[in-house]
Amino acid sequence: MAAVISLGGSFLFDKKKDTSLLFNELKKINEKFLVITGGGPIARDYINFARDFSLSEKELHTVGIKCTHINAWVMSKAFKADYTDTDPRKIKVNKKITLTGGYLPGWTTDTCAAYAAVSTHSKVIFNMSKEVGVYDKDPRKFDDVKLLKEISFDKLYTLTKGKRVPGMNFIFDPLAAKICKNNNIEVVVTNAVKDIQRYLEGKEINGTIIR
Ligand code: UTP
């Protein structure tokens, strides 16, 4: 068993200090962790660059996947952790911290995290994002937003449904949410590293629990 972390590319690139804090905290917690890194701005920039050379949609997704793996590999070197590019549906975790990235064109790293949580029998995914948690409305469009302590997968789905294009942004990908719902996996959306320990100890967290 392991706990899975979906380390959003936005967290990785916007919060370098917190990323160091995250890996140092994980080393102190008595649990194995599988960390799936997102692509972040390098994926979006590279997808746009490749789009200008008329690559197909599938190839553009592959560009995104390769960026997620660069991030995973770099983090594995930075924090002396394991790195793998195994299919998340078959992944096994033996080391304290293992890093990986995306897998199939058209998925997101949230989807990989959901499949990996199933294959490692994890009951939780920590979705590290630059947002504090999930709001009742899109914070980029509205000022009067309310942070939710909890939200159901069904309610989240109504907030996030739409077409999937390379490099698009989700709070938590709807396909990943469906896998989690079907397998009773909870998702903790947070930007606070301390929420991982707090959740594992059954304490109140700053972010949002999707269940
Ligand atoms: P993500 O969207 O998963 O990365 O992958 P991200 O940067 O973490 O996203 P944010 O920052 O949390 O929003 C980037 C792109 O790579 C492709 C998709 O095009 C995706 O939008 N990708 C990633 C795949 O096609 N398959 C995967 O398994 C993972």
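Quick look at the structure, then. (Residues numbered from 1 in each chain as written. Predicted model: local features only at pLDDT ≥ 70, side-chain atom pairs only at ≥ 80, totals over all residues. Heavy atoms only, no water.)

1. Things to note about the overall build of the chain
What counts is decided by this rule: Runs of E in the DSSP output that reach at least two residues are strands. Runs of H or I that reach at least four are helices, and both are numbered from the N terminus. Just to be clear, the radius of gyration here is over C-alpha atoms, and the globule rule we use is 2.2 Å times residues to the power 0.38. Whether a residue is buried, partly exposed or exposed follows from its accessible area with a 1.4 Å probe, protein chains only, as a fraction of its type maximum: under 20%, in between, or over 50%, in that order. Two residues form a contact once any of their heavy atoms are found within 4.5 Å. Working definition of accessibility: Shrake-Rupley area with a 1.4 Å probe, residue cover restricted to the visible protein chains.
Each helix and strand counted, the chain has 8 helices and 8 strands in total. Relative to the 2.2 N^0.38 estimate, which gives 17 Å for 211 residues, the radius of gyration of the chain is 16 Å and therefore close to what a compact globule would have. With the C-alpha coordinates aligned to their principal axes, the bounding extent of the chain is approximately 50 × 40 × 35 Å. Here the chain holds 211 residues, and the buried ones make up 49% of them. If you take every contact in the chain between residues at least 6 apart in sequence, the share linking residues at least 24 apart comes to 71%. Split by element, the accessible area of the chain, about 10800 Å² in all, is 52% carbon and sulfur.

2. As for the packing of aromatic side chains
The test is simple: Centres within 6.5 Å are what make two rings of Phe, Tyr or Trp a pair, Trp counting through its six-membered ring; a difference in plane orientation under 30 degrees is then read as stacked, over 60 as edge-to-face, and the rest as tilted. In this scheme, the term charge over a ring applies when either NZ of a lysine or CZ of an arginine sits within 6 Å of the ring centre and within 35 degrees of the ring normal.
Per the counting criterion, the structure on display carries 6 aromatic pairs. Here F23 and F79 contribute two aromatic rings whose centre-to-centre distance is 4.5 Å and whose plane-to-plane angle is 10°, an arrangement assigned as stacked. In this pair, F23 is assigned in helix α2 (residues 16-28) and F79 in the loop between α4 (57-78) and β3 (82-83), connecting sequence segments 56 residues apart. The same class applies to F23 and to F79, which are both buried. Relative to W107, the ring of Y103 lies with its centre 6.3 Å away and its plane at 40°, an arrangement referred to as tilted. A relative accessible area of 31% means that Y103 is categorised as partly exposed. Judged by relative accessible area, which is 17%, W107 ranks as buried. An aromatic cluster of three or more residues is present, and its members are Y46, F49 and F53. The ring centre of Y115 lies 6.0 Å from the NZ or CZ of R89, which sits over that ring.

3. Description of the packing of helix α5 (residues 109-119) against helix α7 (residues 174-182)
Cut-off, in case you're wondering: Axis definition: a line fitted to C-alpha atoms, over the contacting stretch in the case of helices. Angles run 0 to 180 degrees between N-to-C directions. An angle counts as roughly parallel when it lies under 35 degrees, as roughly antiparallel when it exceeds 145, as roughly perpendicular when it falls between 65 and 115, and as oblique in every other case. Should the near helix be turned anticlockwise from the far one by less than a right angle, the crossing is left-handed, and should it be turned clockwise, the crossing is right-handed. Side-chain classes follow a simple rule in which Ala, Val, Leu, Ile, Met, Phe, Trp, Tyr, Cys and Pro form the nonpolar group, Asp, Glu, Lys and Arg form the charged group, and the remainder, Gly included, forms the polar group.
Running from amino to carboxyl end, α5 crosses α7 at an angle of 15°, the nearest separation of the two axes being 7 Å. Of the possible angle classes, the one that applies to α5 and α7 is roughly parallel. As for how α5 packs across α7, the hand of that crossing is left-handed. The residues of α7 that touch α5, namely those facing D110, T111, A114, Y115 and V118, are L175, A176, I179 and C180. Broken down by class, the residue content of the contact of α5 with α7 amounts to 7 nonpolar, 1 polar and 1 charged.

4. A look at a nonpolar patch on the surface
This is how it is decided: Patch rule: a residue counts if its relative accessible area is over 30% and it has no salt bridge; like charges are joined within 9 Å, and nonpolar side chains (Val, Leu, Ile, Met, Phe, Trp, Tyr) within 5 Å. We define a salt bridge as a contact between a side-chain nitrogen of Lys or Arg and a carboxyl oxygen of Asp or Glu at a distance within 4 Å.
Among the surface-exposed residues, Y46, F49, F53 and L55 lie close enough to one another that they form a single nonpolar patch of about 430 Å² accessible area. Residue placement: F53 occurs in the loop between α3 (40-51) and α4.

5. What about the nonpolar core?
Convention followed: Take the buried residues of types Ala, Val, Leu, Ile, Met, Phe, Trp, Tyr and Cys, join any two whose side-chain atoms come within 4.5 Å, and each joined set is a nonpolar core.
Residues I125, F172, C180, V187 and I210 are the most contacted members of the largest nonpolar core, which totals 27 residues. Listed by contribution, the elements that provide at least two residues to this core are β2 (33-37), α5, α6 (153-160), α7 and β7 (186-190). Here this core gets 5 residues from one element, more than from any other, and that element is α5. Not counting the four nearest positions on each side in its chain, C180 is found in contact with A114, I125, F153, F172, I185 and V187. Among the nonpolar cores identified, the runner-up in size contains 26 residues, and L26, F126, Y199 and I209 belong to it.

6. Some remarks on α2
The α-helix winds at 3.6 residues per turn, so residues separated by three or four positions along the chain end up facing the same way. The following threshold applies: Expected span, for any helix, means 1.5 Å times one less than how many residues it has. This arc is built from the directions going out from the helix axis to the C-beta atoms.
In a regular helix each residue adds 1.5 Å, so 13 residues correspond to 18 Å; α2 covers 19 Å between its end C-alpha atoms and thus fits that length. Every buried residue belonging to α2 is among T19, L22, F23, E25 and L26, and all of these are buried. Along α2, the residues classed as buried sweep out an arc of 160° about the axis, all on the same side. Exposed positions of α2 whose direction lies more than 90 degrees from the buried face are K17 and K28.

7. Considerations on the sheet that holds strand β6 (residues 150-151)
To be explicit about the condition: Any two strands with at least two DSSP-identified bridges between them are counted as paired.
One open sheet holds the 8 strands; their spatial order is β3-β4-β2-β1-β5-β7-β8-β6, and the pairing between them is mixed. Strand pairing shows two members of the sheet lacking a second neighbour, β3 and β6, which therefore form its edges.

8. Details of the environment of Y115
For Y115, the position within the fold is in helix α5. A relative accessible area of 23% means that Y115 is categorised as partly exposed. Distance from Y115 to D14, taken between C-alpha atoms, is 26 Å for residues 101 residues apart in sequence. Contacts of Y115, omitting those with residues within four sequence positions, involve P88, R89, W107 and I179.

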